[in-house]
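Chain residues, written in single-letter form:
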Amino acid sequence: MIKCICVDDRNKPTTIPDHKWIKKNKEYNIISARVVLPQKQLAVQLLEINLDETCAPFTYFLGKRFAIDERDIESLMELIEETISIDKSIR
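This one's a predicted model, so the numbers in the text were calculated from it and none came from an experiment.

Visitor: What is the right way to read the overall build of the chain from this model?
Guide: The number of helices and strands found in the chain is one helix and five strands. From first element to last, N terminus to C terminus, the chain shows the α and β order β-β-β-β-β-α. Scaling as 2.2 N^0.38, a compact globule of 91 residues should have a C-alpha radius of gyration of about 12 Å, and the chain matches this with 13 Å. Expressed along its principal axes, the backbone C-alpha trace of the chain runs to roughly 35 × 30 × 20 Å. Buried positions account for 34% of the 91 residues belonging to the chain. The contacts of the chain with a sequence gap of at least 6 include a subset with a gap of at least 24, amounting to 52%. Carbon and sulfur atoms form 53% of the exposed surface of the chain, whose accessible area is close to 6300 Å².

Visitor: I'm lost on the packing of aromatic side chains in this one. Help?
Guide: Each aromatic ring pair is characterised by the separation of its centres together with the angle its planes make. Evaluation of the coordinates by the stated rule reveals three aromatic pairs. Centre to centre, the rings of Trp21 and Phe61 are 5.6 Å apart; their planes meet at 55°, and the pair counts as tilted. Of this pair, Trp21 sits in the loop between β1 (2–6) and β2 (27–36) while Phe61 sits in strand β4 (residues 61–62); the two residues are 40 residues apart in sequence, bridging distant segments of the chain. You'll find Trp21 and Phe61 in the same group, each marked buried. Each ring, one from Phe61 and one from Phe66, has its centre 6.3 Å from the other, and the planes form 80°; the classification is edge-to-face. By the ring-pair criterion, three or more aromatic residues cluster together here, those being Trp21, Tyr28, Phe61 and Phe66.

Visitor: Just checking my understanding: could you explain unusual backbone geometry for this structure?
Guide: Peptide bonds are, in most cases, trans, and in most cases residues other than glycine have a negative phi. Between Ala56 and the following residue, Pro57, the backbone shows a cis peptide bond with an omega angle of 10°. Note that Pro57 resides in the loop between β3 (41–46) and β4. A positive phi angle, near 60°, is found at Asn11, a position not held by glycine. With a phi angle near 75°, Asn25 is a residue other than glycine that sits in the positive phi range. Here Asn25 is to be found in the loop between β1 and β2. A relative accessible area of 61% means that Asn25 is categorised as exposed.

Visitor: Please explain the side chain of Ser32 as it appears in this structure.
Guide: Topologically, Ser32 is positioned in strand β2. Given the relative accessible area of 9%, Ser32 is considered buried. With sequence-adjacent residues up to four places away left out, Ser32 is seen in contact with Ala43, Val44, Gln45, Tyr60, Leu79 and Thr83.

Visitor: Honestly, the layout of surface pockets in this entry has me stumped. Any pointers?
Guide: Remark: the empty space left among the atoms is shown by a probe the size of a water molecule rolled over them. The volume enclosed by the largest pocket comes to roughly 240 Å³. What lines the largest pocket is a set of 14 residues, among which Gln39, Phe58, Tyr60, Phe61 and Leu62 lie closest to the centre. Looking at side-chain class alone, the lining of the largest pocket contains 11 nonpolar, two polar and one charged residues.

Visitor: What should I look at first to understand the nonpolar core in this one?
Guide: As a rule of thumb, soluble globular proteins bury nonpolar side chains together. Ranked by size, the top nonpolar core spans 19 residues in total, and within it Ile22, Tyr28, Leu46, Phe61 and Phe66 carry the most contacts. Where this core is concerned, the elements lending two or more residues are β1, β2, β3 and α1 (73–90). Residues within four places of Phe61 in sequence aside, it is in contact with Lys20, Trp21, Ile22, Leu42, Ala43, Val44, Leu46, Ile49, Leu51 and Phe66.

The rules behind these values
Residues numbered from 1 in each chain as written. Predicted model: local features only at pLDDT ≥ 70, side-chain atom pairs only at ≥ 80, totals over all residues. Heavy atoms only, no water. Helix = DSSP H or I, 4+ residues; strand = E, 2+ residues; numbered from the N terminus. Rg over C-alpha atoms; globule rule 2.2 N^0.38 Å. Buried < 20%, exposed > 50% of the residue type's maximum accessible area, 1.4 Å probe, protein only. Contact = heavy atoms within 4.5 Å. Areas by Shrake-Rupley, 256 points an atom, 1.4 Å probe, with all protein chains shown as cover. Phe/Tyr/Trp six-rings, centres within 6.5 Å; stacked < 30°, edge-to-face > 60°. 1 Å grid on protein atoms, 1.4 Å probe; cavity = no way out; pocket = protein on both sides within 12 Å on 5 of 7 lines; lining within 4 Å. Points joined across faces, edges and corners; volume = space filled by probe spheres on them. Nonpolar A, V, L, I, M, F, W, Y, C, P; charged D, E, K, R; others polar. Core = buried A, V, L, I, M, F, W, Y, C linked by side-chain atoms within 4.5 Å.

And the structure:
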């Protein structure tokens, strides 16, 4: 898990209920990270919030909504690599 702080909670999609939305300045823990399509941007899953089928089509939060301590960047890169490996093994 990688600690992060929400820096942008604006523009909540209407399909995500308020209780499943991030809050600015709150700390969260990233448990998965990947590049999502069609945005081609880093996206993360959080330990504290499960975006389930009620939030469709959203299953991740865009990474740019969070600040990560620079000391944790290497750990984030490792988490992304692990996620890529898992994705390939499922196919």
